[in-house]
Amino acid sequence: MSVFQPTFCAIDHTAAKALTICLGVCGCAQTCRLACHIFWRFMKFNPPVPLIAAKSTMLENVGRSTTSLFEQAWAMLVFIGETAQALAGWLAQPSRIRWRVVLFNLRTAGFDALPIVGLLSFLLGVVVAYQGADQLRQYGANIFVADLVGLSMLREFAPLITAIIVAGRSGSAYAAQIGTMAVTEEIDAMRTIGIEPHELLVLPKILALVIAMPLLTVFADVLGVMGGMVMAKTQLGVGFAEFLDRMANAVSVTSYLVGIGKAPVFAAIIALVGCFQGFRTHGGADSVGRQTTRSVVQSIFLVIVADALFSVVFSVLDL
Amino acid sequence: MASSLPGVSTSDSASADAPVIDIRELSTRFGAKVVHHDINLQVRRAEVFAIIGGSGSGKSTLLREMILLHTPSSGRIKVLGVDLKDLSRDDALNLRLRWGVMFQHGGLFGSLTVLENIGLPLREHTPMKDSQIDKIAAEKLALTGLKPEVGAQYPAQLSGGMMKRASLARALALDPELLFLDEPTAGLDPQAAAGVDELVLHLRDQLGLTIVMISHDLDLLWRVSDRVAVLGDGTLQAVASMAGLSQLDNPWITPFFEGARGHAAQAAAHRALQPRETPSKPK
């Protein structure tokens, strides 16, 4: 009862007012007035309290989410535009490029990620080979494990696992760093001092990641294939030399390049989304956390969408 | 003065007593919410101009509009003789280098030491050598009353008061003509706040800076402000000296002076010094 009553009051308050006025003006029967009077007394005893976090209907929620989605998409476009403008400024005056910051980002986002990327892609190679081993053994097609591991790692898994790790590692760090700076007024201070935040915070990160990701992907390729080779030897009795021999025939250079080629695109997506969400931070520390989470979820989502689009495009192009 | 920047309209005659900041018919809206409505105010050269008002009265927004961090919905703002509307990138940069801003929370860069923070504007915009920059930064540090060893520390290691002083030192790095202070004494203990009073007076009297500040600190306002603008209900309620304001009967102003804190500050101000000027200019 107590839950429904305030809602009822709030909704009916204006309606009741209109009703009372109407009836009063028309000079209706005394009974009606009395009824209204009683109704008003009732309303006074139960004044329409402003609801704690006004309950919205499903339709309202749908509308709100939709508009916020469009708003965010628009803001993202604006952000990309600003970044492109800053990039144009860099290209026009290459002396403005902050190489020190680029190198620093190259180390933190690239070099420092080597162990985790290596370990995870090695394990991925192990898993792929292990899962395939059972099936291949049944048909006596043991040697095809090289095709399986080589193609799947080089074309799909290595770029994807690298992107996912980098999104979790660096994309979140970008959002948190920029978000914290926004909260502590450092971004405002930067503008006031006459430093373009995009030039110092966004472009070096994008540039560094676009350079680092393909290299990380190559590293993931190597470690993934190594994982597959270890599994092929222990489970299927396919030696290292045999495996590599077969892989060289089965996997074309195109497949390798297709995998590497996706990496810079994934890198740009991760860096852009991370920085974008960082700049959208407003308010306090909880906002930093929210934007960081959002940056990781969105960048992984967009990376997988981009990967799917790549698959479609490459199959159309017959690559 | 000052309208000598390239590409800047000099339609108004640039005389010595032209206002440093000239705001005309300024309105600001966030969506349907009106923050400012038709605000007109001028800040004169070498005065301490304070902006007060309740929370949500748009003080900070007004300050952000003056320092090119926010664009008003309509109206005109001229700072140092330059119209802030549609500034080119280079003009905006030139203008930004002529003022300094001390942010409420300091806005110091966490990844740089205090000395590097102070030297950053110089490093970015002047061809000076590092040794020279460090020397100037150390001077500014001393000017704001910080010990030299603070220079090697990181902002996270500083207390609130030290952070504000360091932020002020950075704002002064490029020897600005105009200084903006956002709540210079908020969150400081009374002793540290008194230090800020001295500092502000010193900057105005010794360096001839024009200072615009947002503050709620009655002690500070009584001691240092030449004129105070009161924002309330989206409009400018009054511009006057503190003494002038205390005589006004205005629902937005009177509460400010009432209560024990207000009386204490007023009494202290009367004891300590006579207000320097009393022309009141109620709107």
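Residues numbered from 1 in each chain as written. Chains lettered and ligands numbered in written order. Predicted model: local features only at pLDDT ≥ 70, side-chain atom pairs only at ≥ 80, totals over all residues.

1. Quick look at the overall build of chain A
Looking only at helices and strands, chain A features eleven helices and zero strands. Reading the secondary structure of chain A in the N-to-C direction produces α-α-α-α-α-α-α-α-α-α-α. For chain A, with 319 residues in total, the buried portion stands at 35%. Pairs at least 24 apart in sequence give 86% of the contacts found in chain A among residues at least 6 apart. (Helix = DSSP H or I, 4+ residues; strand = E, 2+ residues; numbered from the N terminus. Buried ≥ 20, exposed ≤ 12 C-beta atoms within 10 Å, placed from the backbone. Contact = placed C-beta atoms within 7 Å.)

2. A closer look at the overall build of chain B
A count of helices and strands for chain B gives ten helices and eleven strands. The proportion of buried residues among the 283 residues of chain B is 41%. Sequence separation of 24 or more characterises 67% of the internal contacts of chain B that already satisfy a separation of 6 or more.

3. Regarding the sheet that holds strand β2 (residues 33-43) of chain B
Residues and elements named next belong to chain B. Strand order in the open sheet formed by four strands is β2-β1-β4-β5, with antiparallel pairing between adjacent strands. Across the chains shown, the open sheet's two edge strands, defined by having one partner strand only, are β2 and β5 (82-83). Taken together, the seven bridges between strand β1 (residues 21-30) and β2 define a ladder with antiparallel strand orientation. Residue pairing for β2: Phe30 is matched across the bridge by Lys33. (Pairing = 2+ DSSP bridges.)

4. Section: helix α3 (residues 114-125) of chain B
Side chains that are three or four residues apart share a direction in an α-helix, a result of its 3.6 residues per turn. Among the residues of α3(B), Val114(B), Leu115(B), Asn117(B), Ile118(B), Gly119(B), Leu120(B), Pro121(B) and Leu122(B) are the ones counted as buried. On its buried face, α3(B) sits against α7 (186-193) of chain A together with α4 (130-143) and α5 (160-171) of chain B.

5. Remarks on the packing of helix α6 (residues 145-183) of chain A against helix α8 (residues 197-236) of chain A
Residue and element names in this part refer to chain A. With their axes 7 Å apart at the nearest point, α6 and α8 run at an angle of 145° to one another. Every pair of crossing elements has a handedness; the one defined by α6 and α8 is right-handed. Residue composition of the contact of α6 with α8, by class: 19 nonpolar, six polar and two charged. (Axes fitted to C-alpha atoms, helices over the stretch in contact; angles between N-to-C directions. Left-handed = near helix turned anticlockwise from the far one by under 90°. Nonpolar A, V, L, I, M, F, W, Y, C, P; charged D, E, K, R; others polar.)

6. Some words on the nonpolar core
In terms of nonpolar packing, the biggest core is built from 145 residues, with Val145(A), Ile270(A), Phe180(B) and Ile211(B) touching the most fellow members. Among the elements that line this core, the one with the most residues is α6(A), at 19 residues. For Ile270(A), the residues in contact, after removing those within four places along its chain, are Ala163(A), Val166(A), Ala167(A), Ser170(A), Gly171(A), Leu209(A), Ser299(A) and Val303(A). (Core = buried A, V, L, I, M, F, W, Y, C linked by C-beta atoms within 7 Å.)

7. Re the domain arrangement of chain B
Accessible area lost during the coming together of the parts is what is often quoted as the interface size. Residue and element names in this part refer to chain B. Assigned domains within chain B: domain 1 (17-98 + 179-190 + 201-277) and domain 2 (110-175). Using C-alpha coordinates to define each centre, domain 1 is positioned 26 Å away from domain 2. Each partner contributes residues to the interface: domain 1 has five residues there, and domain 2 has six residues. Class assignment for the residues of the side of domain 1 that touches domain 2 results in four nonpolar, one polar and no charged. (Domains from an automatic or database assignment.)

8. Some points on the packing of α8(A) against helix α10 (residues 253-279) of chain A
Residue and element names in this part refer to chain A. Where α8 contacts α10, the axes come no closer than 8 Å and their chain directions differ by 145°. Read as a crossing pair, α8 and α10 show a hand that is right-handed. Here Leu201, Val202, Lys205, Ile206, Leu209, Val210, Met213, Pro214, Thr217, Val218 and Asp221 of α8 lie close against α10, whose contacting residues are Gly259, Ile260, Ala263, Pro264, Phe266, Ala267, Ala268, Ile270, Ala271, Leu272 and Cys275. Here the residues of the contact of α8 with α10 are counted per class, giving 18 nonpolar, two polar and two charged.

9. Considerations on the pairing of strand β7 (residues 178-182) of chain B
All names here are of chain B. Within β7, five of the five residues are buried, which leaves the element mostly enclosed by the surrounding structure. Alternating residues of β7 divide into Leu178, Phe180 and Asp182 and Leu179 and Leu181, and every residue in both groups is buried. Across four bridges, the pairing between strand β6 (residues 99-102) and β7 is parallel. Among the inter-strand pairings, Gly100 is bridged to a residue of β7, identified as Leu179. In this structure, β7 lies alongside strand β8 (residues 210-214), joined through five bridges in parallel fashion. If you follow Leu181 over to β8, its bridge partner there is Met213. Crossover handedness for the path β7 to helix α6 (residues 190-207) to β8: right-handed. (Right-handed = clockwise from strand over helix to strand, strands pointing away.)

10. A closer look at helix α3 (residues 58-92) of chain A
The end-to-end C-alpha distance of α3(A) is 51 Å, a good match for the 51 Å that 35 residues give at a rise of 1.5 Å each. Taken across its 35 residues, α3(A) has two buried, putting it largely on the surface. (Expected span 1.5 Å × (residues − 1).)

11. Comments concerning unusual backbone geometry
Unusually for a residue other than glycine, Glu185(A) sits at a positive phi of about 65°. On the secondary structure map, Glu185(A) appears in the loop between α6 and α7. Owing to 20 C-beta atoms within 10 Å, Glu185(A) belongs among the buried residues under this scheme. The phi torsion at Asp175(B) lies on the positive side, around 50°, for a residue other than glycine. Turning to its location among the elements, Asp175(B) is positioned in the loop between α5 and β7.

12. Let's talk about the environment of Glu186(A)
Along the chain, the position of Glu186(A) falls in helix α7. Taking the C-beta count within 10 Å as the criterion, Glu186(A) has 24 such neighbours and is therefore assigned buried. Taking the C-alpha atoms as reference, Glu186(A) lies 9.6 Å from Pro197(A); in sequence the two are eleven residues apart. In contact with Glu186(A), other than residues within four places in its own chain, are Met181(A), Gly107(B) and Phe109(B).

13. Focus on the environment of Pro255(B)
Residues and elements named next belong to chain B. Here Pro255 lies in helix α9 (residues 254-257). The exposure class assigned to Pro255 is exposed, which follows from the 11 C-beta atoms found within 10 Å. In this structure, the C-alpha to C-alpha distance between Pro255 and Pro176, residues 79 residues apart in sequence, is 35 Å.

14. As for the confidence of the model for chain B
Do not read the predicted coordinates in detail wherever pLDDT is low. All names here are of chain B. Looking at chain B, pLDDT values average 83 and 86% of them are 70 or higher. Confidence drops under a pLDDT of 50 for residues 1-14, and excluding neighbours within four residues, the segment shows 21 contacts in the predicted structure. In the model, residues 274-283 has pLDDT below 50 throughout and makes 23 contacts with residues more than four positions away in sequence or in other chains. Interface confidence for the predicted complex, given as ipTM, is 0.80, next to a pTM of 0.78. (pLDDT = per-residue confidence, 0-100.)

15. What about the confidence of the model for chain A?
Residues and elements named next belong to chain A. On average, residues of chain A score 86 in pLDDT, and 83% of them reach the 70 mark or higher. Confidence drops under pLDDT 50 across residues 1-11; counting only partners more than four residues distant or on other chains, this segment forms ten contacts. Note that pLDDT drops below 50 for residues 22-29; the model gives that stretch five contacts with residues more than four away or on any other chain.

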